[in-house]
Amino acid sequence: MEKPCSLLVHFDKGSAAMANEIKADLEGSDGPAKADAMRRAISLLLNGETLPQLFITIVRYVLPSEDHTVQKLLLLYLEIIDRRDPAGRALPEMILICQNLRNNLQSPNEYIRGVTLRFLCRLSEPEVLEPLVPSVLTNLEHRHQFIRRHAVSAVSAIYRLPHGDQLIPDAPELVERMLASEQDASARRNAFLMLCSCAQERAVSFLLSNADRVAEWPDLLQMAVLDLIRKVCRSQNRANKGRYITIITSLLSATSTAVVYECAGALVSLSSAPTAVRAAANTYCQLLSSQSDNNVKLILLDRLNELRTSHRDVMVGVVMDVLRALASPSLDVKRKVLDLVLDLLTPRNVEEVVLYLKKEVVKTQAGDLEKGGEYRQMLVQTIHACAVEYPEVAGSVVHLLMDFLGDTNVAAAVDVVLFVREIIETNPKLRVSMIQRLTDTFYQIRASRVCSTALWILGEYSLSLSEVESAIATIKQCLGDLPFYTVSDEGETADSAKPAQPVVNSVTVSSRRPVVLADGTYATQSAATEVISTPSVAPGSLASTLNLRSLILSGDFNLSAVVACTLTKLVLRLEEVQPSKVESNKACTEALLIMTSILQLGQSSYLPHPIDNDSYDRIVQCVRLLCNRGDDVKKIWLHSCRQSFAKMLAEKQFRETEEVKAKAQISHAQPDDLIDFYHLKSRKGMSQLELEDEVHDDLKAATGGFTKDADDANKLNRILQLTGFSDPVYAEAFVTVHHYDIVLDVTVINRTKETLQNLCLELATMGDLKLVDRPQNYTLAPESSKQIRANIKVSSTETGVIFGNIVYETSNVMERSVVVLNDIHIDIMDYISPATCADVTFRNMWAEFEWENKVAVNTVIQDEKEFLDHIIKSTNMKCLTPPSALDGECGFLAANLYAKSVFGEDALVNISIEKQLDGKLSGYIRIRSKTQGIALSLGDKITLKQKGGS
């Protein structure tokens, strides 16, 4: 994220006194003073001053100087001054410097020659360049490579001018001859680039004639070769495609990592054969394991992900190579690797992948890993996804993951217990071992949410007599002795949970307060609980088993209600599996005692907050149920809950399957598309890769793989009119939005009969937008047009505005004319895309994010679901609420929407609406995000679109 600079650079505007001072220093003989004066003059010119009176002084006193610094500043000065008159012709004064430039091109000093040749690359006046051409061509054969490389660049720049082929008609031939004998890498690269841009046929001929030696060329020239191959193949010239692929394949073993990376990309763009894709994927994987820069790793993972979308069958074979990138310490890299691996799972590799992830989970236990808790959470989520898709691998990892139910990272522990809950339902064979493991490790759990889910699992899936008894015993042990607090007249407390002997690494925390009894006497009320100071408590010690007691005494009565429901289910189950009514009645009595003790604690004055009504009602309901047990109630409590959970999992699986189908790209070929049958072609001289490529090209043509998905109408929607039809200058812009920048292709048309001089497109931005290029001046002939491109950098997801004007001069009017442009509003929808996240993650982000924008519902739409669909379409977000939760007609609707920006920002939206008696919808739409910009921009978008307009 780019931040504003706090350094202010001050430079005074030009004045007559300053110009005279600069002129005096230039006329002097002191070299350093003359160089300093040139620097000040250049700074003034860059700040918008003209200083026309200095030109003759510089010609008289600076041109003859032999100081190299002064000569370099002179060339810089000549580069930035305006060298043309209002009519567009070169200034007569420029002829004065031609002799000096010729002398520099013949100077015995290589530096002077080189910087002068480099200066000529920026000249566009044929009158100045024409007398210098012989000297430039002579430097092509100079003994020093510094001069030769700049001489080639100068020849290329001159030849590319509008009439450059008249100045140097044989330039391509000269450069090709030089290229054949040149040894310097930079000079060869410059020469080859000149042929690529000016005489592509010669460049292709040179490349094919030296195809066997391309691997021995320097990396600079190899990069230029790859650019040429892309350009040639993009022009639909596929005659030598096989030879190009052979050249690229030979470069995959180059020593330069940049060349290897570009080769892999070029290979995939040229060929869709499995051999070529596999070679590119292996290359990316090798770079992924050899490069240490995290940014490079992220880019390589993006390229691998692109290969996955179109060549998944080939990418499946490199999944283990991709997993090796988990050795990177960056969590962003690890997250991308795990996401990519999840999309490459097959029945053949899932066991190997899960085994590797299992080893990574074990590594996180070492403790020396930075952010080990977050990494472990990511691994648990990935293993969870693997086990859901391929249930047969769950048994190999579930017992290991259950050791992390007591993890200090609560989010990781929650993911583990949710994984256990889903696997125990979908894998009945693992139920017995998982219940046993859960009862053995329940005492380690310290998070309330994890305890609640674990208790639900014990209550639903403890089916046998031994399992039920073990579960009841575990809960009783974790609750400790009853009651939770005692009251004595003497003021002394005797807590039944307090151990007789001190426990190592634990502290007994007690609280006392005076209370007034019913008869008016005073007594002391107290409660005590064990607080574990270190995790090194022995499993059998009392302090390590009082996790439920500690949480309940901290005021967590929601957990108390879960304990009551779990005990109720276990008692009802015990009646089914226990033949002896004595034992079941005993268990029922103990459960009732626990519930009444919890109610007594909740209604006492010991805790700062009494028990809430919902938890109180739930516990009382459990007490009444155990006192009056009926068959219908037993069926609901013992079977209906589990059936509802199974139904929820089935709906979740169905929804994920539908999403995968929706993402599948369906393409069809047009009836008149041409298909070449490779079986009828001659195979002489074709390699295996070329044969495979022919087959895949035919298949893509038959299935519509070459059809473009871009809609021309959508492109037309991005053309914005900037000026009116009656303005002397008409302008329209085509807006192209990339991830991190915006490109404006502005077409400017001169509608007058006069030549417009110094025409400049001046733009300014509002919001987190920044102009990259400085505006340039153009000369526009009558009724002609000009394409002007402006690049704008985007630094955050926020609605921005681009505004400006077109300024120009005419020969009839001395003052500058201004045409104000219409504003260009950058839509936030170009930067956010639908995304998914778990409900837990959504709730955590909702509680964490501080920026909220609350928008009142104001729409003409009268159907709740129709309004929800309209908001989803307008905001480009994804609805996280399952369709089953939105079914029915009740007059209310609540849904969560989620999207992610290209900058990694999260956008959360909650829609809560109600249908009024008059049929209108009312309610609120709340937007939350970590930054203010996205919350405000998304709110403005919803306010604009919610009424049902387009």
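Residues numbered from 1 in each chain as written. Predicted model: local features only at pLDDT ≥ 70, side-chain atom pairs only at ≥ 80, totals over all residues. Heavy atoms only, no water.

**Some points on the overall build of the protein**
The criterion, for reference: Per the convention used, a helix needs a DSSP run of H or I reaching at least four residues, while a strand needs a run of E reaching at least two, with both numbered from the N terminus. Each residue is placed in one exposure class: buried if its accessible area under a 1.4 Å probe, protein chains only, is under 20% of its type's maximum, exposed if it is over 50%, and partly exposed if it falls in between. Note on definitions: a residue-residue contact is assigned when non-hydrogen atoms from the two residues lie within 4.5 Å. Note that accessible areas follow from Shrake-Rupley with a 1.4 Å probe, and for residues the cover is restricted to the protein chains shown.
Tallying secondary structure elements over the protein gives 39 helices and 19 strands in all. Here the protein, with 950 residues, has 46% of them falling under the buried criterion. Considering only contacts within the protein whose residues lie at least 6 apart along the sequence, 66% involve residues at least 24 apart. When the accessible surface of the protein is summed, it comes to about 48,800 Å², and 51% of that surface belongs to carbon and sulfur atoms.

**What to know about the environment of glutamine 53**
Relative to the elements of secondary structure, glutamine 53 occurs in the loop between α2 (31-46) and α3 (54-61). Glutamine 53 gets classed as partly exposed once you look at its relative accessible area, which sits at 40%. Sequence separation between glutamine 53 and asparagine 20 is 33 residues; the distance between their C-alpha atoms is 9.5 Å.

**Structural notes on helix α32 (residues 613-627)**
In an α-helix, one turn spans 3.6 residues; hence positions three or four apart end up facing the same way. For clarity, the threshold we go by: Expected helix span is given by 1.5 Å per residue-to-residue step, counting one fewer step than there are residues.
Relative to the 21 Å expected for 15 residues at 1.5 Å per residue, α32 spans 21 Å between its end C-alpha atoms, a close match to the ideal helical length. Residues of α32 that are buried include every one of Ser615, Ile619, Val620, Cys622, Val623, Leu625 and Leu626, and no others.

**What about the environment of threonine 755?**
Relative to the helices and strands, threonine 755 is located in the loop between β6 (741-750) and β7 (756-766). Judged by its relative accessible area of 33%, threonine 755 is partly exposed. Distance from threonine 755 to leucine 780, taken between C-alpha atoms, is 5.7 Å for residues 25 residues apart in sequence. In this structure, threonine 755 is in contact with Asn750, Thr779, Leu780, Ala781, Pro782, Glu809 and Thr810, ignoring residues within four places of it in sequence.

**Quick word on the pattern of salt bridges**
Heads up, the condition is: A carboxyl oxygen of Asp or Glu within 4 Å of a side-chain nitrogen of Lys or Arg is what we treat as a salt bridge.
Tallied over the entire structure, the rule returns 29 salt bridges. Residue glutamate 425 is joined to arginine 642 by a salt bridge in which the shortest nitrogen-to-oxygen separation is 3.5 Å. Here the residue glutamate 425 occupies a position in helix α25 (residues 410-426), and arginine 642 occupies one in helix α33 (residues 631-663), the gap between them amounting to 217 residues. Residue glutamate 425 is classed as buried on the basis of its relative accessible area, which comes to 17%. Accessibility expressed as a relative area gives 26% for arginine 642, which makes it partly exposed. Taken together, the shared-partner salt bridges in this structure form one network comprising Glu21, Asp25, Asp36 and Arg40.

**Some points on the sheet that holds strand β8 (residues 769-771)**
Rules: A pair of strands is labelled paired if DSSP reports no fewer than 2 bridges between them. Interaxial angles span 0 to 180 degrees and are taken between N-to-C directions of axes, which are lines fitted to C-alpha atoms, for helices over the stretch in contact.
One open sheet accounts for five strands, arranged β4-β5-β6-β10-β8; its pairing is antiparallel. Here the strands that pair on one side only, and so sit at the sheet edges, are β4 (719-721) and β8. Neighbour to neighbour, the strand axes of the sheet diverge by 30 degrees on average, direction disregarded. Relative to strand β10 (residues 785-794), β6 is paired through nine bridges, and the arrangement is antiparallel. When the sheet's bridge partners are listed, threonine 747 is paired in β10 with glutamine 787.

**Some thoughts on empty space enclosed by the protein**
This is how it is decided: A cavity here means a set of 1 Å grid points, computed over protein atoms only, where a 1.4 Å probe fits but cannot escape. A pocket is an open set with protein on both sides within 12 Å along at least 5 of 7 lines, and lining residues have an atom within 4 Å of a point. Grid points are joined across faces, edges and corners, and a volume is the space filled by probe spheres set on the points. Classification used: nonpolar for Ala, Val, Leu, Ile, Met, Phe, Trp, Tyr, Cys and Pro, charged for Asp, Glu, Lys and Arg, polar for all others including Gly.
Under the definition given, this model contains one cavity of 30 Å³ or more. Of the voids in this model, the largest cavity is the one considered here, and its volume is about 30 Å³. Per-element accounting of the lining of the largest cavity gives the leading share, four residues, to helix α31 (residues 581-603). Broken down by class, the residue content of the lining of the largest cavity amounts to five nonpolar, no polar and two charged.

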